[in-house]
2 protein chains.
Amino acid sequence: MSDPLLDAADFTDDGLIPAIVQDAETDQVLMMAYMTAETLQETLDTGRMVYWSRSRQERWVKGQTSGHTQTVEEARLDCDGDTLLFRVHQEGGACHTGFRSCFHRRAADDGWTTDGEKVFDPDAVYE
Amino acid sequence: MSDPLLDAADFTDDGLIPAIVQDAETDQVLMMAYMTAETLQETLDTGRMVYWSRSRQERWVKGQTSGHTQTVEEARLDCDGDTLLFRVHQEGGACHTGFRSCFHRRAADDGWTTDGEKVFDPDAVYE
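Rules used throughout
- Residues numbered from 1 in each chain as written.
- Chains lettered and ligands numbered in written order.
- Predicted model: local features only at pLDDT ≥ 70, side-chain atom pairs only at ≥ 80, totals over all residues.
- Heavy atoms only, no water.
- Least-squares fit on C-alpha atoms with pLDDT ≥ 70 in both.
- Contact = heavy atoms within 4.5 Å.
- 1 Å grid on protein atoms, 1.4 Å probe; cavity = no way out; pocket = protein on both sides within 12 Å on 5 of 7 lines; lining within 4 Å.
- Points joined across faces, edges and corners; volume = space filled by probe spheres on them.
- Nonpolar A, V, L, I, M, F, W, Y, C, P; charged D, E, K, R; others polar.
- Buried area = accessible area lost by both parts, 1.4 Å probe.
- Salt bridge = Lys/Arg side-chain N within 4 Å of Asp/Glu carboxyl O.
- Polar contact = N/O pair within 3.5 Å; in protein donor to acceptor, adjacent residues only side chain to side chain.
- Helix = DSSP H or I, 4+ residues; strand = E, 2+ residues; numbered from the N terminus.
- UniProt positions renumbered as here; feature names shortened; annotations may be inferred.
- Buried < 20%, exposed > 50% of the residue type's maximum accessible area, 1.4 Å probe, protein only.
- Pairing = 2+ DSSP bridges.
- Axes fitted to C-alpha atoms, helices over the stretch in contact; angles between N-to-C directions.

Digging into the relation of the copies chain B and chain A
Then step 1. Under the fitted operation, chain B is carried onto chain A by 0.0 Å of movement along the axis and a turn of 180 degrees, and the coordinates agree to an RMSD of 0.0 Å. Viewed as a symmetry operation, the transformation between the two copies matches a two-fold axis. Relative to the rotation axis, the C-alpha of Asp27(B) is the closest in chain B, positioned 3.0 Å from it.
Then step 2. The residues that chain B uses at the interface reappear at the interface of chain A in 100% of cases, marking a shared surface.

Quick look at the structure:
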């Protein structure tokens, strides 16, 4: 069955499309991950962010282990259709290392410097 | 010569890394494009966003034709080192179609619906 949202999305040869995730409350960019057509469809249908893990080669429901789920507030597509932007409500932290955002390192003269604050203890969350 | 910023960046087999671009003033996500090690180095050295065009297979200085340059306010790297986030000062619009952001389409029941406002006339800018 054809879906106008899915049809406009341009997937790579690997069948993936990058999805940027932005905090709907603070506008902070939280992470970027990849979706297949199937996990994009599931995300749009359920309002819960579902990705494709390239390292594990499997469907990945954000927050299934950690409880740090992402609820979709808004989905956007860029001009050439090859990148998605989701504005979400983020429970806890988006980053598996315990930070709110995966982008917790900032360029400085001597290298990338962590300036984010940890919002949870990964050792307690991922047993 | 080794550079700690470049060394931490994880490029794909094609030698590229995605760069998310966020408006430093409004926090709006403007676009995503790709960089090589060379254009990332040039971006960090000059403070002006320089990409690699995958379609044209060439270095691409943002704003060289349109005047809609991007000046780096802050560069960030994600936890696994394979995605960059730049907070920039954007002149004019980031999107070649005339919108401030490339993400000017929002998911609606009947498909992707444009809800951004045009900030320039692309016919006048790209002759």
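A short note on the layout of surface pockets
Then step 1. Approximately 810 Å³ is the volume attributed to the largest pocket.
Then step 2. Thr12(A), Asp14(A), Tyr34(A), Arg54(A) and Thr12(B) are, among the 23 residues lining the largest pocket, the residues nearest its centre.
Then step 3. The residue makeup of the lining of the largest pocket, split by class, is ten nonpolar, three polar and ten charged.

Quick word on the interface of chain B and chain A
Then step 1. Residue-level contacts link 37 residues of chain B with 37 residues of chain A.
Then step 2. Buried area between chain B and chain A, summed over both chains or domains, comes out near 3300 Å², and the portion from carbon and sulfur atoms is 62%.
Then step 3. Linking chain B with chain A are six salt bridges.
Then step 4. A salt bridge links Arg76(B) to Asp115(A), with the nearest nitrogen and oxygen atoms 2.7 Å apart.
Then step 5. Summed over the shared surface of chain B and chain A, the number is 22 residue pairs in polar contact (both at pLDDT 80 or more).
Then step 6. Broken down by secondary-structure element, the contributors of at least two residues to the side of chain B that touches chain A are helix H1 (4-7), strand S1 (17-23), strand S2 (29-35), strand S5 (70-77), strand S6 (84-90), strand S7 (105-108) and strand S8 (111-114) of chain B.
Then step 7. Here the side of chain B that touches chain A is composed, by residue class, of 19 nonpolar, eight polar and ten charged.

Focus on the UniProt feature "binding site: Mg(2+)" in chain A
Residue and element names in this part refer to chain A.
Then step 1. In the numbering used here, UniProt assigns the "binding site: Mg(2+)" feature to Asp78, Asp80 and Asp82. Taking the annotated residues in turn, Asp82 line the largest pocket.
Then step 2. For aspartate 78, the position within the fold is in the loop between strand S5 (70-77) and strand S6 (84-90).
Then step 3. Residue class for aspartate 78 comes out buried when judged on its relative accessible area of 3%.

Some thoughts on the side chain of Ser53(A)
All names here are of chain A.
Then step 1. Following the sequence through the fold, serine 53 ends up in strand S3 (residues 50-53).
Then step 2. Classification of serine 53 by relative accessible area gives buried; the value is 5%.
Then step 3. At 3.0 Å, the side chain of serine 53 forms a polar contact with the backbone nitrogen of arginine 56.

Describing the sheet that holds S2(B)
Across a sheet, strands are paired by hydrogen bonds formed along the backbone, either parallel or antiparallel in direction.
Then step 1. Strands sit in the order S8(A)-S7(A)-S5(B)-S6(B)-S1(B)-S2(B) across an open sheet of six strands; the sheet is mixed. With one partner strand each, in any of the chains shown, strand S8 (111-114) of chain A together with S2 of chain B form the two edges of the open sheet. This sheet shows a mean twist of 35 degrees between the axes of neighbouring strands, independent of strand direction.
Then step 2. Where S5(B) meets S6(B), seven bridges bridge the pair, whose relative direction is antiparallel. If you follow Arg76(B) over to S6(B), its bridge partner there is Leu85(B).

Quick look at the pattern of salt bridges
Then step 1. Enumeration over the complete set of coordinates arrives at 16 salt bridges over all chains.
Then step 2. One salt bridge connects Asp27(A) with Arg87(A), and the closest N-O pair in it is separated by 2.8 Å. Taken as a pair, Asp27(A) in the loop between strand S1 (17-23) and strand S2 (29-35) and Arg87(A) in strand S6 lie far apart in primary sequence, 60 residues in all.
Then step 3. Residue Arg56(B) pairs with Glu58(B) through a salt bridge whose shortest N-O separation is 3.1 Å.
Then step 4. The network of salt bridges with shared partners includes Glu74(A), Arg76(A), Arg106(B) and Asp115(B).

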